[in-house]
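Commentary on secondary and tertiary structure
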Amino acid sequence: MKSDEARLRENVLHAVREYHDAVHAVKKEDPEGRIPYAGRVYDAEEMVRLVDAALDFWLTAGRYAASFEERLASFLGVKASLLVNSGSSANLLAFMCLTSPLLGERRICPGDEVITLAAAFPTTVAPIVQYGAVPVFVDVSLPTYNLDCSWLEQALSSRTKAVMVAHTLGNPFDVAQVIAFCRQHELWLIEDNCDALGSCYVAGGVPRLTGSFGHVATCSFYPPHHITMGEGGAVCTDDPLLRKILASLRDWGRDCTCRPGEDGRCGRRFSEKWGDLPLGYDHKYVYSHFGYNMKVTELQAAVGCAQLDKLPRFIEARKANFAVLRNALADLEDIFILPEATSGTDPSWFGFLLTVRPQSGVSREHLVTFLEQKGIQTRMLFAGNLLRHPCFDEMRRKSEGFRVVGSLENTDLIAENTFWIGVYPGMTDAMLYRMVREIRRALRP
């Protein structure tokens, strides 16, 4: 027989499903309505799990967070994933873990160099600058929009310690070349997988998901991304030592590995000597790093668990939507550089990139203005060229703090001529073909 508590919970969750079906599931598509570049795709299950977690009122990371971390690691094929409060925090945590004194001579120190891209979202680069390391910027290749591996050797110096790059809009970078370069020179690889959850790269004849190649890799669960929990992110690794460092830095820098609310699971609580502290000082309050509080809430994780159930079909929808746009716009190659998957990959696309060819006589400004006026959201390729933004003004004046290898020719072309439109799972065929139709109208003389 069910307890009163169980019956009450069941009734509440049943009412939540009814509310979803009455309020959230009845919205009708407006044929001429706004077409967002991305958005939440959800059903009653997200709301039910959110309320289920709220009824527990644990609030901080709990059973849902533990389940999500285990399932995400299993999905990616890695040994550990740690939830954090955003993708930006994930990138910060991933970088900072490689500065830990526990890594000895391999740790990244202020003044060490990290190879990265200026055609990127700023939070891939910000942790490098904020710590006092030196970003070394190289160009990208078109039409993949990813790291041009031909610049890697020129970017290398005696101070290089790591490569930190993203899979651009879901298109994997050349993992084999990057890993070979990192292994040859004993460099860390930080794999920003925030825009590429579900993308595959064939390594040694075997398809593997991106996010499983770096020493550390990151994910983002902001609403436009492949799955969402509102805000949220994750850091993944196969390395037990890095996992320990990541957990410490995420949880205030503490040395203890017990979860919130646990007392003594590590078996070391009052039994050991730490630094200059008294013998038996409470291990829960021993700090081995200067850390942060980046934990996720249980409410976010509950939504994420429901989203993970949908991830496989979300991935397939993104691929299908991208294919529709690629086929429908294939005859416009004289006007646009159309996106192409990196060789040996199967991307879970985040968006559909369009670069206006300089000789075409078409301006990006005209196109994006036209599309926005028609209710079609557009986005730039993030920073375009990060070095041209105000945040780099002071560093540029001092001529220190970063290096540039080559001319960044394609990066500048992206800053001037590139934009993208959405392929998220909420897109319908009508929305996709309306975008194609309006792009063609914008090109009419």
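Please refer to the structure placed before this passage.
First, a word on scope: everything that follows refers to the structure included in this document. (Residues numbered from 1 in each chain as written. Predicted model: local features only at pLDDT ≥ 70, side-chain atom pairs only at ≥ 80, totals over all residues. Heavy atoms only, no water.)

So, the pattern of salt bridges
Following the criterion strictly, the structure yields 29 salt bridges and no others. Glu46 is paired through a salt bridge with Lys310; the nearest N and O atoms lie 3.0 Å apart. With Glu46 in helix α2 (residues 44–56) and Lys310 in helix α9 (residues 298–328), the pair connects residues that are 264 residues apart, well separated along the chain. An identical accessibility class is assigned to Glu46 and Lys310; each is buried. Across the salt bridge formed by Arg388 and Asp412, the nearest N and O atoms sit 3.1 Å from each other. Within this pair, whereas Arg388 is found in the loop between α10 (364–373) and α11 (393–398), its partner Asp412 is found in helix α12 (residues 409–417), the two being separated by 24 residues in sequence. When salt bridges with common partners are traced through the structure, they connect Arg17, Glu45, Arg49, Arg71 and Asp309 into a single cluster. (Salt bridge = Lys/Arg side-chain N within 4 Å of Asp/Glu carboxyl O. Helix = DSSP H or I, 4+ residues; strand = E, 2+ residues; numbered from the N terminus. Buried < 20%, exposed > 50% of the residue type's maximum accessible area, 1.4 Å probe, protein only.)

What about the layout of surface pockets?
Considering only enclosed or pocket space, the largest pocket measures out at about 690 Å³ in volume. Lining of the largest pocket is provided by 25 residues; of these, Lys27, Glu29, Arg40, Tyr424 and Gly426 occupy positions nearest its centre. When contributions to the lining of the largest pocket are tallied by element, the ones reaching two or more residues are α1 (4–24) and α13 (429–442). Looking at which element gives the most residues to the lining of the largest pocket, the answer is α13, with 4 residues. Of the residues in the lining of the largest pocket, the class split is 9 nonpolar, 5 polar and 11 charged. Together, 30 residues line the second largest pocket, and Phe121, Thr123, Asp195, His225 and Phe382 are the ones closest to its centre. The element that contributes the greatest number of residues to the lining of the second largest pocket is helix α4 (residues 87–97), accounting for 3 residues. (1 Å grid on protein atoms, 1.4 Å probe; cavity = no way out; pocket = protein on both sides within 12 Å on 5 of 7 lines; lining within 4 Å. Points joined across faces, edges and corners; volume = space filled by probe spheres on them. Nonpolar A, V, L, I, M, F, W, Y, C, P; charged D, E, K, R; others polar.)

Focus: helix α8 (residues 240–250)
When α8 is considered as a whole, its buried residues turn out to be Leu242, Ile245, Leu246, Ala247, Ser248, Leu249 and Arg250. Considering only its buried residues, α8 is in contact with α3 (63–76), β1 (80–84), α4, β7 (188–192), β10 (216–220) and β11 (233–237). Among the residues of α8, the N-terminal cap falls to Asp239, whose side-chain oxygen and the backbone nitrogen of Leu241 are separated by 2.8 Å. Once α8 finishes, Trp252 follows within two positions and takes phi at roughly 70 degrees, a positive value. (Contact = heavy atoms within 4.5 Å. Polar contact = N/O pair within 3.5 Å; in protein donor to acceptor, adjacent residues only side chain to side chain.)

Section: the state of the cysteines
If you walk through the whole model with that rule in mind, you get 0 disulfides. Unpaired in terms of disulfides, Cys194 finds its nearest cysteine sulfur in Cys219, a separation of 6.6 Å. (Disulfide = S-S within 2.5 Å.)

Things to note about the side chain of Glu69
With respect to the secondary-structure elements, Glu69 resides in helix α3. Residue Glu69 is classed as buried on the basis of its relative accessible area, which comes to 8%. Here Leu83 takes part through its backbone nitrogen, which lies 2.8 Å from a polar atom of the side chain of Glu69. With sequence-adjacent residues up to four places away left out, Glu69 is seen in contact with Ser81, Leu82, Leu83, Arg250 and Arg259.

Let's talk about the side chain of Arg326
The topology assignment puts Arg326 in helix α9. Classification of Arg326 by relative accessible area gives buried; the value is 18%. Engagement of the side chain of Arg326 in a polar contact is seen with the side chain of Glu333, the distance being 3.3 Å. Ignoring sequence-local partners within four residues, the contact set of Arg326 consists of Glu333, Leu338, Pro339, Glu340 and Phe352.

Things to note about empty space enclosed by the protein
Taken as a whole, this structure holds 2 cavities of 30 Å³ or more when the rule is applied. Taken as a whole, the largest cavity encloses approximately 60 Å³ of empty space. In this structure, the largest cavity is lined by Ala61, Ala65, Glu69, Leu83, Arg250, Arg259, Pro260, Lys295 and Val296. For the lining of the largest cavity, a count of residues per class yields 5 nonpolar, no polar and 4 charged.

Notes on the pairing of strand β6 (residues 160–166)
Among the 7 residues that make up β6, 7 are buried, leaving the element largely enclosed by the rest of the structure. For β6 and β7, the ladder comprises 5 bridges, and the chain directions are parallel. Counterpart to Ala162 in the pairing with β7 is Trp188. Running through helix α7 (residues 175–184), the crossover from β6 to the neighbouring parallel element β7 is right-handed. (Pairing = 2+ DSSP bridges. Right-handed = clockwise from strand over helix to strand, strands pointing away.)

A short note on the packing of aromatic side chains
Counted according to the given criterion, the structure contains 12 aromatic pairs. Geometrically, the ring pair formed by Phe137 and Phe392 is edge-to-face, given 5.8 Å between the ring centres and 70 degrees between the ring planes. On the criterion of sequence distance, the pair formed by Phe137 in strand β3 (residues 134–138) and Phe392 in the loop between α10 and α11 is long-range, its members being 255 residues apart. For Phe137, a relative accessible area of 0% puts it in the buried group. On the basis of relative accessibility, which here comes to 3%, the residue Phe392 falls in the buried class. (Phe/Tyr/Trp six-rings, centres within 6.5 Å; stacked < 30°, edge-to-face > 60°.)

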